[in-house]
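Residue strings, one per chain:
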Amino acid sequence: LIPPLFLRPHESPPSPFSDVILNLKQRITMPAMRLNARSKVNAPRRSPMAKAVAVTSIPAPPAKLAKVPLELEEPKEVPLNTYTSKKPLIVKVKSCERIVGPKATGETCHIVLETDGKAPFWEGQSYGVVPPGTKLNSKGKEVPHGVRLYSIASTRYGDYFDGKTASLCVRRATYWCPEMNKEDPAKKGICSNFLCDSKPGTEVTLTGPTGKILLLPEEDPNSVHIMCATGTGIAPFRTYLRRMFLEDVPNFRFGGLAWLFMGVANSDAKLYDDEFQVMAERFPDQFRIDYAISREQQNKDGGKMYIQDKIEEYSEEVFDLLKNGAHIYFCGLKGMLPGILDMLERVAKDQGLNWEEFYEGLKENNQLHVEVY
């Protein structure tokens, strides 16, 4: 039922939407030049191949699907709040590495934690981190710092595929004081700076895992997943993609389409692009990545290219996929969401759709997954 050009990392039973997915894949892939001709900007199928910073402290993507300890697939209930601020888990940092280039706006680090498999989680969940030290509460009492949540950036098997580690993607939070004309250390993010400054062996107080909103739906392994991320919002989608394309998981033989839209300021700010390009090369008919690089690309009106502009270039295909059951995800700073939703509403109306009904239908059908912060 699946033509040879529709390559799969695994073999799985065909979905009732297989023909729809294939037809849409052909429409997405083949008319790229037609879309370019309509646009005022050159919009290639994949964004320009500016070299991004690779994560060197972890193993490179394996040549074949990685063997993993499948006992982690056995629990049928999602793990929730195994550890709390009152009863946390103390883990150690295995590695901490800056993963953006010198021209990136800000610093983002990939941090691998040694959990020894004591804090199992599912893809799409978050851990809480309690930074060291204390603060004064509203009553003037000295109390421990509160929990900060970070989306987990590795699958349940970790970057080493052994289930013994978990990874976080953390941007260092700083504050530029216009009066001082420099960063004000008194206003820096306590937890993000603690994590980004960590060294191998640094102890981290961990809580969680938490969250169900961004759990990867696996009931139909042939589903379409449209992922929209800005900045460190890429973390949960990295877990999806590694599970889909890098790991040998017999009970999840992914045979669908994964389409990632990623918004960054410049090419130096791309995250995990080395991994994504490997996936795109190996599975060109199942994985697609499109970057919106605001300081290097222009939208159709000649302005900066933001993620909503990139999605709009392919709005016809996106809406066709959503009408046929695709999942769409948003993760990143909350400021990304209004622009995207405004664009989708405008496109829906242009297509003669009732946006409110369409949007509510996505929520009711569990096709819409949003986690912004």
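This text goes with the structure placed above it.
First things first, this report covers the structure right here in the doc. (Residues numbered from 1 in each chain as written. Predicted model: local features only at pLDDT ≥ 70, side-chain atom pairs only at ≥ 80, totals over all residues. Heavy atoms only, no water.)

**Some details on the sheet that holds strand 13 (residues 287-293)**
Consider a sheet: its strands pair through backbone hydrogen bonds, and that pairing is either parallel or antiparallel. Strands sit in the order 13-12-11-14-15 across an open sheet of five strands; the sheet is parallel. Edge positions in the open sheet fall to strand 13 and strand 15 (368-372), since each of these has one partner strand only. For this sheet, the mean angle separating the axes of adjacent strands, direction not counted, is 10 degrees. Where strand 11 (residues 224-230) meets strand 14 (residues 327-332), five bridges bridge the pair, whose relative direction is parallel. Along strand 14, the bridge assignment pairs histidine 225 with histidine 327. (Pairing = 2+ DSSP bridges. Helix = DSSP H or I, 4+ residues; strand = E, 2+ residues; numbered from the N terminus. Axes fitted to C-alpha atoms, helices over the stretch in contact; angles between N-to-C directions.)

**Brief notes about the environment of proline 61**
By secondary structure assignment, the location of proline 61 is in the loop between helix 2 (32-38) and strand 1 (89-98). The residues touching proline 61, leaving out its near neighbours within four places in the chain, are Leu246, Glu275, Val278 and Arg282. (Contact = heavy atoms within 4.5 Å.)

**What to know about the sheet that holds strand 6 (residues 148-151)**
Judged by pairing direction, the sheet is antiparallel, and its six strands sit side by side in the order 6-3-10-1-2-7 without closing on themselves. With one partner strand each, in any of the chains shown, strand 6 and strand 7 (165-171) form the two edges of the open sheet. Neighbour-to-neighbour, the strand axes of the sheet open up by a mean angle of 40 degrees, direction not taken into account. Sheet analysis places strand 2 (residues 108-114) next to strand 7, joined by seven bridges and oriented antiparallel. Note on strand 7: the bridge partner recorded for leucine 113 is alanine 166.

**What to know about the packing of aromatic side chains**
Counted according to the given criterion, the structure contains 15 aromatic pairs. An aromatic cluster of at least three residues, connected via ring pairs, comprises Phe245, Phe252, Phe254, Phe276, Phe283 and Phe287. Its end group placed over the ring of tyrosine 272, arginine 238 keeps NZ or CZ at 4.5 Å from the ring centre. (Phe/Tyr/Trp six-rings, centres within 6.5 Å; stacked < 30°, edge-to-face > 60°. Lys NZ or Arg CZ within 6 Å of the ring centre and 35° of its normal.)

**Notes on the side chain of threonine 115**
Positionally, threonine 115 belongs in the loop between strand 2 and strand 3 (126-130). The contact partners of threonine 115, leaving out residues within four places of it in the chain, are Val91, Tyr127, Gly163, Lys164, Thr165 and Ala166.

**Looking at the environment of leucine 362**
Inspection of the secondary structure assignment puts leucine 362 in helix 9 (residues 355-364). For leucine 362, a relative accessible area of 5% gives the class buried. Once the C-alpha coordinates of leucine 362 and lysine 323 are considered, the two residues, 39 residues apart in sequence, prove to be 8.9 Å apart. Beyond its immediate chain neighbours, meaning those up to four positions away, leucine 362 contacts Leu322, Gln367 and Leu368. (Buried < 20%, exposed > 50% of the residue type's maximum accessible area, 1.4 Å probe, protein only.)

**Concerning the layout of surface pockets**
In this structure, the largest pocket occupies an estimated 980 Å³ of space. Forming the walls of the largest pocket are 37 residues, and the residues nearest its centre are Thr230, Gly231, Thr232, Leu333 and Tyr373. At the level of elements, strand 6, strand 7, strand 12 (257-264), helix 6 (307-313) and helix 8 (336-350) are the ones that each hand at least two residues to the lining of the largest pocket. For the lining of the largest pocket, a count of residues per class yields 18 nonpolar, 16 polar and three charged. (1 Å grid on protein atoms, 1.4 Å probe; cavity = no way out; pocket = protein on both sides within 12 Å on 5 of 7 lines; lining within 4 Å. Points joined across faces, edges and corners; volume = space filled by probe spheres on them. Nonpolar A, V, L, I, M, F, W, Y, C, P; charged D, E, K, R; others polar.)

**Here we look at the pattern of salt bridges**
Any two side chains of opposite charge can pair, on the condition that their charged atoms come close. Taken as a whole and assessed by the stated rule, the structure comprises 20 salt bridges. The shortest N-O distance in the salt bridge between glutamate 275 and arginine 238 comes to 2.7 Å. In this pair, glutamate 275 is assigned in helix 5 (residues 273-282) and arginine 238 in helix 4 (residues 235-245), connecting sequence segments 37 residues apart. Look at glutamate 275 and you get buried, because its relative accessible area is 2%. The exposure class of arginine 238 is buried, given its relative accessible area of 0%. When the shortest N-O distance is used, the salt bridge between glutamate 312 and arginine 346 registers 3.0 Å. With a gap of 34 residues between them, glutamate 312 in helix 6 and arginine 346 in helix 8 connect regions that are remote in the sequence. Taking the relative accessible area as the measure of exposure, arginine 346 reaches 40% and is therefore partly exposed. When salt bridges that share partners are traced, they join Glu73, Glu123, Arg156, Glu218 and Arg243 into one network. (Salt bridge = Lys/Arg side-chain N within 4 Å of Asp/Glu carboxyl O.)

These values are about where atoms sit, not about what they do.
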